[in-house]
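# Coordinate inspection notes
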Amino acid sequence: MIRRREFLRASAAVSGLAFVRNFSPLAFSQSSGRARVEILLDEPLGNISPNIYGHFTENLSGVIYDGIWVGEDSKVPNVSGIRKALVDEMRKIKPALVRFPGGCFADSYDWRDGVGPREKRPRRTNFWAFGDSPPAPANHRYDPNLFGTNEFVQFCRLIGGQPYLAANVRSLPAEELYRWVEYCNSPAGSTTLADERSAAGFKDPFNVRYWGVGNESWGCGGNFTAQEYAVEYRRYTTWVPGFGQELSFIASGPDGDNREWTRGFFEEIVRKGKQQIRGIHGFALHHYAWNLSRGKTEDWDQGKGDALKFEPVDWYELLHEGERVESMITGHWQIMGEFDKDHHVKIAVDEWGPWYRPGSELTPGDQLEQTPTLRDAVFSGMTLDVFNRHPEKVGIACCAQLINCLNSLYLAHEDRFCVTPVGHVFAMYAAHQGGQSLRTEFTAPEIQYDRDGKSTPFWGLKGSASLHGKELVLTAVNPNVSAPLEVQIVVQGARINSADATVLTASDIHAHNTFVDRQAVAPASQKIEITDGGGVFRFPAASVSKITLQLS
Ligand code: AHR
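Residues numbered from 1 in each chain as written. Predicted model: local features only at pLDDT ≥ 70, side-chain atom pairs only at ≥ 80, totals over all residues. Heavy atoms only, no water.

The next thing to look at is the pattern of salt bridges. Following the criterion strictly, the structure yields 34 salt bridges and no others. Here E43 makes a salt bridge to R439, at a shortest N to O gap of 2.6 Å. Of this pair, E43 sits in strand β1 (residues 35–47) while R439 sits in strand β16 (residues 436–443); the two residues are 396 residues apart in sequence, bridging distant segments of the chain. Here R118 ties to E151 by a salt bridge, and the two come within 2.8 Å at their closest N and O atoms. With R118 in the loop between β5 (97–100) and β6 (124–125) and E151 in helix α5 (residues 149–159), this residue pair connects regions lying 33 residues apart in the sequence. Connected through shared salt-bridge partners, E72, R118, R121 and E151 make up one network. (Salt bridge = Lys/Arg side-chain N within 4 Å of Asp/Glu carboxyl O. Helix = DSSP H or I, 4+ residues; strand = E, 2+ residues; numbered from the N terminus.)

Next comes the structure, spelled out in structure tokens:
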């Protein structure tokens, strides 16, 4: 039997000793060289859409039930059934948008199961019940449908984000997308579905703007060819009324680097005329960094590494795998431009993050749950910096996933809750939202790491900058596991009046937060020296930093 993940992809140990970083002055002077960050005020790249600071919540194991939804009668503090600690934390990170209900789950979901009185909603077998390893624990195998459209929209309202609903293309007819939009957006009293919404306590329309049309349609979302999917895309999206709300459809895009999908999709879309492009808002791109085998295998299970037990080589390999998203963005963008010259369609990286083998779950049995470490924080900072550097291309991005799954910002079980290092990165980077991205040059000596006896280079410092009036936000990661980096910061076209810095790091690269030790990795303030209108900052080893500069 084909394992589910192999099907989804359709192609697609280390010692465990803690590696404690070396802060010796020798290590510093050997590797620091002359490092410089130069921010070019007169080279704006475009506005950073808040939507690239988006999240992903799939009905998968502990994400919805336990993670988000605890129920109104729960002893866990909640707001209308939604975990209060999560709401409180999310408000701090300005979550622009949240994608729901999947993922692969979306193409098995009937939205009607999740509306109406909760006690009458049907129980269904969850898409993830028996697939992937390990299979779902009994309590997550069946879907009680207690958290449906109303509860999700309520969650979005509580945290201040926009809903992004992913519609089922594999197993529901096109009419159901139309009806779901009608349920969400038709004016009070206008239709039977609007009445159903009102009866649930939501008289005013939800005004849902973002709609995904299937998910990974090359795999779990229907196993289509790009051409077949493009035909379906046209059919599902043609003449769907928004009921006064502009609708923005997101098409299912490629698996990582698969450029054939992109070309095939757009070729077929424009077969009916160039104007068809106008009906696409976003083109989804999914990229998971999972292969830490150092080129030894492409096997989905064999290639994965451990979330907690790793060596410096695995640290660099993970970052290297994750950074491939940048060439994917530029590569797909170039192909999209052949069909869409003025680039109406933006890329939606609506699933990204590292994916490790099972074993680090804080809640035993939770599928795809892993415990993020400092490595994942650096990975996440690096990835958000990539998006910030391509504001004209990336319109949406969603970290996979929000809670209790993969690159979680939060981990929760019953009344326990913690913010992961990834959650802290989102809090730091929220300051970029809506800013003008500026071209920024990072000059730093390369790092060399040992890859099976071969000295392998990795860049020494990268980041992004954005301008907000007279305030400039610079974020950067120092990926060096053992050496800090002293860097001169120059803003071309302005003087720095004052500055403050926040740094996320730890003395052990494996550091992570748990329900017991919730502060093992937490942001801290660090001094930045300002002289002669410029700055000098020491980026600690293995760190993510945010520097806020006041300019004149
Ligand atoms: O995030 C977990 C799964 O990964 C999603 O359901 C799917 O879209 C992707 O393959």
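Picking up after the structure, the text goes on.
Let us look at the pairing of β16. When β1 meets β16, the two strands line up antiparallel, connected through seven bridges. The partner of E38 across the bridge, within β16, is E441. As paired elements, β16 and strand β19 (residues 462–468) share three bridges and run antiparallel to each other. By the bridge assignment for β19, L438 is matched with A465. (Pairing = 2+ DSSP bridges.)

Here the focus is the state of the cysteines. Within the structure shown, the criterion is met by one disulfide. A disulfide bridge connects C104 with C220, and the sulfur atoms are separated by 2.2 Å. Across the disulfide from C104 to C220, rotation about the S-S bond amounts to roughly -85°, and the bridge is consequently left-handed. Of this pair, C104 sits in the loop between β5 and β6 while C220 sits in the loop between β9 (210–213) and α8 (226–237), placing them 116 residues apart in sequence. Residue classification places C104 among the buried positions, given a relative accessible area of 4%. The class of C220 is buried, set by a relative accessible area of 3%. With no disulfide of its own, C156 has C184 as its nearest cysteine by sulfur position, at a separation of 11 Å. (Disulfide = S-S within 2.5 Å. Buried < 20%, exposed > 50% of the residue type's maximum accessible area, 1.4 Å probe, protein only.)

On to the sheet that holds β5. The strand order β2-β5-β8-β9-β10-β11-β12-β13 describes a closed barrel built from eight strands, whose pairing is parallel. Here the average twist between neighbouring strands, direction ignored, is 25°. Here four bridges tie strand β8 (residues 162–167) to β9, and the two strands are oriented parallel to one another. Of the residues in β9, the one forming a bridge with A166 is G212. Along the sheet face, α8 touches β9 and β10 (248–251) and points at about 165° away from the line of β10. (Axes fitted to C-alpha atoms, helices over the stretch in contact; angles between N-to-C directions. Contact = heavy atoms within 4.5 Å.)

A word on the sheet that holds strand β21 (residues 485–492). Across the sheet, which stays open at both edges, the ten strands sit in the order β23-β22-β26-β20-β19-β16-β1-β21-β25-β24 with mixed pairing between neighbours. If you trace the sheet from one side to the other, it starts and ends with β23 (524–526) and β24 (529–531), each paired once. On average, each strand axis in the sheet is tilted by 25° relative to the strand beside it, whichever way the strands run.

On to the pairing of strand β13 (residues 394–400), then. Taken across its seven residues, β13 has seven buried, putting it largely inside the fold. Bridge count for strand β2 (residues 54–56) against β13 is three bridges, and the pairing is parallel. Looking across to β13, one finds that F56 is bridged to A400. The pairing of strand β12 (residues 346–354) with β13 spans four bridges and is parallel. Within β13, the residue paired with W352 across the bridge is C399. In the classification by handedness, the crossover that spans β12, the intervening helix α11 (residues 374–389) and the parallel β13 is right-handed. (Right-handed = clockwise from strand over helix to strand, strands pointing away.)

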